[in-house]
Amino acid sequence: SSGLSAMLRCPRPSSWNRCDHFSVILYCLALLAAGFAEASDTLAQGTFPNYDDPMVAQPSLPHPRASGGAPCAKVTPIVDAQLVGYNQVVVGHYEPPSDCAAPWQQVVMELSGAVAGVQFDRYGAVWFRGVEVLRTTTPEPSPSGIVWRVDKDLSDYAAIFKSPGNVTLMIPNVVDSTYTGVLHINITFSFFSSHGGGTTSLDVMPLRNPTIGANPFGEIAVNGAVGQANLVQVPRDTIDARLDLYASGHGCEEFWYTNSLNASSGGCGGGAYREIRVYVDGKLAGAQYPFPVIYTGGVNPLLWRPLTGILSFDIPAYRFDLTPFLGWLTDGHQHNITLAIVDNWHGTWYLDGVLVLRRDTEDVAGGSVDIVEEGPPSIEQTSQNESGIMVQRMRSNSGFRVQGVLRLANGSTIASEVFSHLTAWSTNRFLSENSQETVGRWHGVVGSVRDGKVQTTVSNFPLEVKDFSAQDSATFQLNACVKYARDIDSFYGDYVVAVRNEMKSCAVYNRSLTNRSQINVQEGQSSEDFSIWAGPKARFQPRTMMHCNQCYSRKLASHDGAIVTNSGQSGCAWPHGVYVCGNELCGSFSAKHVRSDTEMVQNGAGSAAGVGSAGGAGSAGGAGSAGGAG
């Protein structure tokens, strides 16, 4: 049976110590409970300690139909940057392409990388002219080396590429006799011609320019409960404003959803609730839950080889509509936009805001802002002993609503509104000092109204984590199971785009403490599903869209580092201007169909994008280790 075959695949513990035996049993039980057991003769031969190049199940980027999928120009400002230092910053110079002038319909950035040997996962970012364009983490390498690629649609930021400027790359890395992995990175920008139908021109303005200092991440770090205040002056002719907020938690905030209320000395506290909040002149302007991103060394590194965690390569910006506040922001004076994380006690969040503005031909005449509903979130967290096990429970809800009216120079007005309602719950069971189970769900409804037209995004983030570690004088072991998902439904009036992304993974890793190259056990199984549904609201069935009527679906599965399943289909059409670009939505919604030559289309079948090549690989070594991105 499948259960028996799973037990047969579990490592034999006869030569190990008692704690190893116990942890292996937990691992086998977790495999069975998670439903990953398969007959052993159906699995491909595993490749650990090496593994296949990292993969993701999201679709490759669509491109304008008229382009045939081919860019009219490419610019590569960074070639084979070799990252070896923690404070190293790489700067490359960009010049606009002379053979493909603006306006462009699409701008795409490609970051390709290679690494080999032993190295932590590392966090990083890319900025152009002080504007952040990518927040990322790197994969942990294999001895023989891996390559990966991230494609990022930057079409909303196209205006900043009309002028020359510096591209800044920072991925803090450490290379020594133990951690041998040198990160080799290339960055290329691709431009797709508008063919007479370019995107609406938007102005882009960072809240601050982190690249003016020697350490860009130091410029955007938020430590503890203190928020990040930014003084900005918005152009007086602005009629639409969006804040793109790049945010990621590190240190004690890497696994914020597992944090205890009563942390021991040196432990991570603050409880298991986090919320991203934006304030304009002290008034709440937006609130969203952060997605529980798990980096490629998180919990257990083998969980993410080769299927990398959801959003781990490309952490998209959280978007906040600030249009209702333009009655204040367009008065010609500086205003305070503050970014904050609720209940961040001891850790670090890197918060970097970018304003995306649509402007009129004349200054606005004035406006008003009405704070309808605001207040702190209602958070209930308890911790109590239940049958000898410490159990911590969290429940919360919060909401806000703001309305604004903007008076234009021609006498017309723009009425706008933003609202959100957030609910969350989680349970953490602290089974022992080295064993913990976490289960929870974060649900959000965020909406905008402009002249009576409603756009709403509904998000669901379910999460289950089982984590066990043990160590004695000779060996160290990690085993864990993770099941989580990112479900996003975007409603544009009567049109819906729904995205489902789910992963399940279990792994066990045991190595010697005295000889890092001696690996006793490396086993892992994982699967990822990604699907897209787009069409009329009347036909949308949230509970069944995972099983029928998708325009895109892809299933990946791996065993011991080898891809064993890679199947799916792609047939999405994007006639209304918005389109799925990797793991987020791009473009602007139009109730009428866009011109056929400017419609974004998938060129060929959808692929498990995320693999690609970069410069030469680093030197070979032993297995990677967890934790660096934190």
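Residues numbered from 1 in each chain as written. Predicted model: local features only at pLDDT ≥ 70, side-chain atom pairs only at ≥ 80, totals over all residues. Heavy atoms only, no water.

Asker: Can you walk me through the sheet that holds strand β2 (residues 73–83) in this structure?
Answerer: Pairing between sheet strands relies on hydrogen bonds along the backbone, with the strands arranged either parallel or antiparallel. As summarised here, the arrangement of the four strands in space is β2-β9-β4-β7, forming an open sheet in which the pairing is antiparallel. Of all the strands in the sheet, just β2 and β7 (146–153) have a single pairing partner and so form its edges. Each neighbouring strand pair of the sheet contributes to a mean axis angle of 15°, computed without reference to strand direction. (Pairing = 2+ DSSP bridges. Helix = DSSP H or I, 4+ residues; strand = E, 2+ residues; numbered from the N terminus. Axes fitted to C-alpha atoms, helices over the stretch in contact; angles between N-to-C directions.)

Asker: Can you help me understand unusual backbone geometry in this one?
Answerer: For residues other than glycine, phi is negative in most cases, and the peptide bonds are mostly trans. Going from A102 to P103, the amide bond is cis rather than trans, its omega being 5°. You can see P103 is positioned in the loop between β3 (90–94) and β4 (104–115). Following R305, the chain continues into P306 via a peptide bond in cis, with omega recorded as 5°. Although it is not a glycine, V299 sits at a positive phi angle of roughly 70°. For V299, the location among the structural elements is in the loop between β15 (283–288) and β16 (318–321).

Asker: Mind showing me how you'd approach the environment of W104 here?
Answerer: In this fold, W104 is placed in strand β4. Residue W104 is classed as buried on the basis of its relative accessible area of 3%. A C-alpha to C-alpha distance of 9.8 Å links W104 and F161, two positions 57 residues apart in sequence. At a separation of 2.8 Å, a polar atom in the side chain of W104 contacts the main-chain carbonyl oxygen of C100. (Buried < 20%, exposed > 50% of the residue type's maximum accessible area, 1.4 Å probe, protein only. Polar contact = N/O pair within 3.5 Å; in protein donor to acceptor, adjacent residues only side chain to side chain.)

Asker: Would you mind showing me how to read the nonpolar core here?
Answerer: As a rule of thumb, soluble globular proteins bury nonpolar side chains together. In this structure, Y157, F161, L169, I187 and L322 are the most contacted members of the largest nonpolar core, which totals 133 residues. When neighbours within four sequence positions are excluded, Y157 is seen to be in contact with V131, E132, V133, V204, R242, D244, Y246, V354 and V356. Judged by nonpolar contacts, the second largest core, of seven residues, contains W127, M170, I220 and Y350. (Core = buried A, V, L, I, M, F, W, Y, C linked by side-chain atoms within 4.5 Å. Contact = heavy atoms within 4.5 Å.)

Asker: How do you make sense of the sheet that holds β15 when you look at a structure like this?
Answerer: Read across the sheet, four strands follow the order β12-β17-β14-β15 without closing on themselves; strand pairing throughout is antiparallel. Strands at the two margins of the open sheet, each flanked by one partner only, are β12 (228–232) and β15. Across this sheet, the average inter-strand angle for adjacent strands is 20°, counted without regard to direction. Relative to strand β17 (residues 335–341), β12 is paired through five bridges, and the arrangement is antiparallel. Residue L231 lies in a different strand from β17, and its bridge partner there is N336.

Asker: Could you clarify how one ought to interpret the packing of aromatic side chains in this entry?
Answerer: Aromatic rings considered in pairs are described by the distance between their centres and by the relative angle of their planes. All told, the structure shown has 28 aromatic pairs when counted by the stated rule. With a centroid separation of 5.3 Å and 80° between ring planes, the pair formed by W256 and Y257 is classed as edge-to-face. Classification of W256 as buried rests on a relative accessible area of 2%. Of the residues examined, Y257 reaches a relative accessible area of 1% and is grouped as buried. (Phe/Tyr/Trp six-rings, centres within 6.5 Å; stacked < 30°, edge-to-face > 60°.)

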